[in-house]
Amino acid sequence: MQPFLYESDYLTIFHFESSYCTQEIDNFEPTTCFLQTILILMNVDSDSPDQKEPATGDVEDSLFMRACRLEPVSRPPVWLMRQAGRYLPEYQAIRNKVTFLELCKNPELSAEVMLATVDRLGVDAAIIFSDLLPLLQPMGLDLEFTPGEGPVIHNPLRTRTDLDRFHELVDVDSLSFVFETVRTTRAGLQKELPVIGFAGAPFTLAGYAIEGGTSRNWLHTKRFMLTDPDGWHELMERLARTIGRYLHAQFDAGANAVQVFDSWVGCLSPEHYREFVLPHSRTVFESIAGRGPIIHFAAGNPALLPLAAEAGGTVMGIDWRTELDHAWQQVGYDRGVQGNLDPAVLHTTPDVVRRRTEDILARVAGRPGHIMNLGHGILPETPVENVLEFISTVKQK
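Values in this document were obtained by computation on a predicted structure and should not be read as measured data.

Caption draft 1: Up close: the sheet that holds strand 9 (residues 315-317). With parallel pairing, the seven strands of this open sheet are ordered in space as 3-6-7-8-9-10-11. Each edge of the open sheet is held by one strand with a lone partner, namely strand 3 (126-127) and strand 11 (370-371). With two bridges connecting them, strand 10 (residues 336-338) and strand 11 associate as parallel partners. Residue pairing for strand 11: Val-337 is matched across the bridge by His-370.

Caption draft 2: How the structure looks around the side chain of Thr-181. Here Thr-181 shows up in helix 6 (residues 176-188). The buried category is assigned to Thr-181, whose relative accessible area is 1%. Excluding anything up to four places from it in sequence, Thr-181 contacts Pro-107, Ser-110, Ile-128 and Phe-129.

Caption draft 3: Expanded view of unusual backbone geometry. Gly-339 connects to Asn-340 through a cis peptide bond whose omega is 0°. Counting through the fold element by element, Asn-340 comes out in the loop between strand 10 and helix 14 (350-364). A positive phi is found at Arg-82, a non-glycine position, where the angle reads about 60°. Structurally, Arg-82 can be placed in the loop between helix 2 (63-68) and helix 3 (89-95). Arg-82 gets classed as partly exposed once you look at its relative accessible area, which sits at 46%. Phi at Ala-365 takes a positive value of approximately 60°, unusual for a residue other than glycine. In this fold, Ala-365 is placed in the loop between helix 14 and strand 11.

Calculation criteria
Residues numbered from 1 in each chain as written. Predicted model: local features only at pLDDT ≥ 70, side-chain atom pairs only at ≥ 80, totals over all residues. Heavy atoms only, no water. Pairing = 2+ DSSP bridges. Helix = DSSP H or I, 4+ residues; strand = E, 2+ residues; numbered from the N terminus. Buried < 20%, exposed > 50% of the residue type's maximum accessible area, 1.4 Å probe, protein only. Contact = heavy atoms within 4.5 Å.

This is the structure:
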């Protein structure tokens, strides 16, 4: 909130940021009663838990963008990874008409899914509806999403010779449907709400490409990495450069921020991360530095957080396996953090959701730079009422 306070013959703008910011004004100590009077004059209900920030029409002044810049805000911005998903009837209605890959390649439908989700949930940012893996198709991989199994790559990369059919994308025009999804989402969204683009990190995409899908132990990936380091680094370099171009194009299309998902990197030790992953992730972050906020979500192993921060990112995504305040200390207070409610909590009761959400907010203790989110993507069959309770609890702060 930004009430206007008059003193003598000049105007002082006082940012009343609840517990998130206190600002001392010379010889001026507004009382609680006075603040309530100002709120009444502004026609603001001070007791309304869902009171929104005044819309300036400028996305750079949004809660999300300000938090990314470590600026004080009245409350943490909130959105959810995989926020447009199978738990929502609106998504199911569209998904029943097309395959998942057809949906990802249809910008109008992809934008419709996300815009309906933003309207339903009241989140503070819209991540585009897409997937990590379509990037691998024009690079030479045969990708299919099968019911019950998820992504399947029918021609995985298992040897150095297989790299001959895996091509770096110098031109990312073959992914124009993603950039059109960014533009269409941006056009349909309130101007003050940011659009988040995304991509998979080099390791996670390499893992899918080598395993041929998801894996419990990532055995083929680790074998390739450890037995043929030169081939591994060649693969990772091609991916890193392609991902950088892909994210640049999303910024060009209207994304205000991007998130890089390293969803499976937690299977590695810190030693292996430093040697085989960090240089290539750093290539991605350095290539898009200055374009906008970059969220780096390296999940699965809290011991990797300091190294992931070293690789790059203006905001570090934190999964649920560690306390948020401890994680922030590890990655450094010179960058923001995002997270980190366990998605399983949303399968409990509204009361549990509220208490667990408040616990995380208490750990942050008002430090600027926190973006509230889950510690991973929202799970199927999550009760919508619990998602709404999570968002409402954040907004009441």
